[in-house]
Amino acid sequence: MNNSYDVIIVGAGPAGATAALYADRLGLKSILLDKASFPRDKICGDALSGKSVRIIRELNLLNDIEKLNGAAINRLTFGSPSHSQFDINLRTEKNNNSIKQGFVIPRKIFDNYLFQKAKKITETRENFIVTDLLYDEGVLFGIKGQTNGLEEEIRAPIVMGCDGTNSIIARKLGLYEMNMKNTAVAIRCYYEGVKGLTDQIELHYVDEVLPGYFWLFPAGDGIANIGLGLSKSDAKKEKRTLRQILDDVTQSDYFKDRFSNAKKMEKPIGWNLPLGSIKRKNYGDGFMLLGDAAGLVDPFTGEGIGNAMVSAKYAIEIAAKAKKSQNFSE
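All values derive from a computational prediction rather than experimental measurement. (Residues numbered from 1 in each chain as written. Predicted model: local features only at pLDDT ≥ 70, side-chain atom pairs only at ≥ 80, totals over all residues. Heavy atoms only, no water.)

Please explain the environment of arginine 240 as it appears in this structure.
With respect to the helices and strands, arginine 240 occurs in the loop between helix H6 (232–237) and helix H7 (242–250). Looking at arginine 240, the relative accessible area reads 25%, which means it is partly exposed. A C-alpha to C-alpha distance of 27 Å links arginine 240 and threonine 77, two positions 163 residues apart in sequence. With sequence-adjacent residues up to four places away left out, arginine 240 is seen in contact with Glu208, Ile245 and Asp248. Within the structure, the side chain of arginine 240 is placed 3.0 Å from the backbone oxygen of glutamate 208, a separation counted as a polar contact. (Helix = DSSP H or I, 4+ residues; strand = E, 2+ residues; numbered from the N terminus. Buried < 20%, exposed > 50% of the residue type's maximum accessible area, 1.4 Å probe, protein only. Contact = heavy atoms within 4.5 Å. Polar contact = N/O pair within 3.5 Å; in protein donor to acceptor, adjacent residues only side chain to side chain.)

I keep staring at the packing of aromatic side chains and nothing clicks. Help me out?
Two descriptors summarise a pair of aromatic rings, namely the distance from one centre to the other and the angle between the planes of the rings. Taken as a whole and assessed by the stated rule, the structure comprises 12 aromatic pairs. Centre to centre, the rings of phenylalanine 78 and phenylalanine 300 are 6.1 Å apart; their planes meet at 15 degrees, and the pair counts as stacked. With phenylalanine 78 in strand S5 (residues 75–79) and phenylalanine 300 in the loop between strand S20 (287–289) and helix H8 (305–325), the pair connects residues that are 222 residues apart, well separated along the chain. For phenylalanine 78, a relative accessible area of 12% gives the class buried. (Phe/Tyr/Trp six-rings, centres within 6.5 Å; stacked < 30°, edge-to-face > 60°.)

Where do I start with the pairing of strand S16 (residues 223–231) in this structure?
Regular strands show a simple pattern: their side chains alternate between the two faces of the sheet. Most of S16 sits out of view: 8 of its 9 residues are buried. Summarising the sheet, strand S13 (residues 183–192) and S16 pair through 9 bridges and their orientation is antiparallel. The residue of S16 that forms the bridge with alanine 186 is glycine 229. Inspection of the sheet shows strand S15 (residues 212–218) paired to S16 by 7 bridges, in the antiparallel sense. Following the sheet pairing, phenylalanine 214 is matched in S16 by leucine 228. (Pairing = 2+ DSSP bridges.)

What should I look at first to understand the pairing of strand S1 (residues 7–10) in this one?
Of the two faces of S1, the one holding Val7 and Ile9 and the one holding Ile8 and Val10 are both buried throughout. Pairing of S1 with strand S2 (residues 30–33) involves 4 bridges; the strand directions are parallel. Counted as the bridge partner of valine 7 is serine 30 from S2. This β-α-β element, S1 to helix H1 (residues 14–25) to S2, shows right-handed connectivity. (Right-handed = clockwise from strand over helix to strand, strands pointing away.)

What is the right way to read the pattern of salt bridges from this model?
Close approach of charged atoms lets side chains of opposite charge pair. Within the structure shown, the criterion is met by 20 salt bridges. For glutamate 58, the salt bridge is made with lysine 313, and the minimal N-O distance between the two is 3.2 Å. Of the two residues, glutamate 58 is situated in helix H2 (residues 50–58) and lysine 313 in helix H8; the sequence distance between them amounts to 255 residues. The buried category is assigned to lysine 313, whose relative accessible area is 16%. Measuring nitrogen to oxygen at the nearest pair gives 3.4 Å for the salt bridge that ties aspartate 257 to lysine 195. Taken together, the positions of aspartate 257 in the loop between H7 and strand S17 (263–264) and lysine 195 in the loop between S13 and strand S14 (200–204) put the pair 62 residues apart, joining distant regions of the chain. Take lysine 195: its relative accessible area is 32%, and that puts it in the partly exposed class. Through salt bridges with shared partners, a single network forms among Arg40, Arg107 and Asp111. (Salt bridge = Lys/Arg side-chain N within 4 Å of Asp/Glu carboxyl O.)

What follows is the structure, encoded as structure tokens:
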């Protein structure tokens, strides 16, 4: 069958593109699908931590990543409600295997880079909308979808849902549930003219946002990725909107000087973060969920990219074992 593969990967963000790259390494025939066309933006803090860099290095992509438009990160700064701070200097870490540098690269750039790398080694479909899962006597064997209204069936013994917080794969499997206690909500805004950003990312656990945090990340070319996140349930209790909270923080006594000449480059945009603070069902007969679709966001830092990329590596290793044994059961 022309439309038959070892793995169908739904969603071409960091989880999906990384899965495609590892699938090629392990000799799996995959197809990578996404409802958008690239390049496209993704609302995010844009930070690539040690987890991300380890995967990037393992895939031999680090030299390219260093050349992408963004910011190299050598320090992590954590601030407390009383504004005492401590830094982690990545350059002085003693472990020879440790990551000496991170990055902040806008997702429109980073995701497109990974997608183009995947496109060179696997079949891809942009503007492809998954509409349903395909079963034969209760056994999952593929997906149904459409591009520009043209319907198509694609078959594989394994379907990987890498399609984010509102994953259609998770919903069709009956696994999607918005858990208020274990979901955060965040808001991002790109600024220009923010003072004091050099080679550090900053996470401030300040009173205006508790129990959440405020971030300041350099994103290259004098641009800063500014935002905040807090739990969904606490956000619901707030009388202020997230945009109002963001304004309160940036105009607070502690931060107002750093934003005195800053200008917003967009309207602040919000999104949900499914936290990995509970065990979620993310695999079963013929399927695996990865990244945000699996609820793998770090509850402390809000990091999702690194966990998504790591999940892709392990999912493809399992897929290769499943193919070898011809056992695609849970």
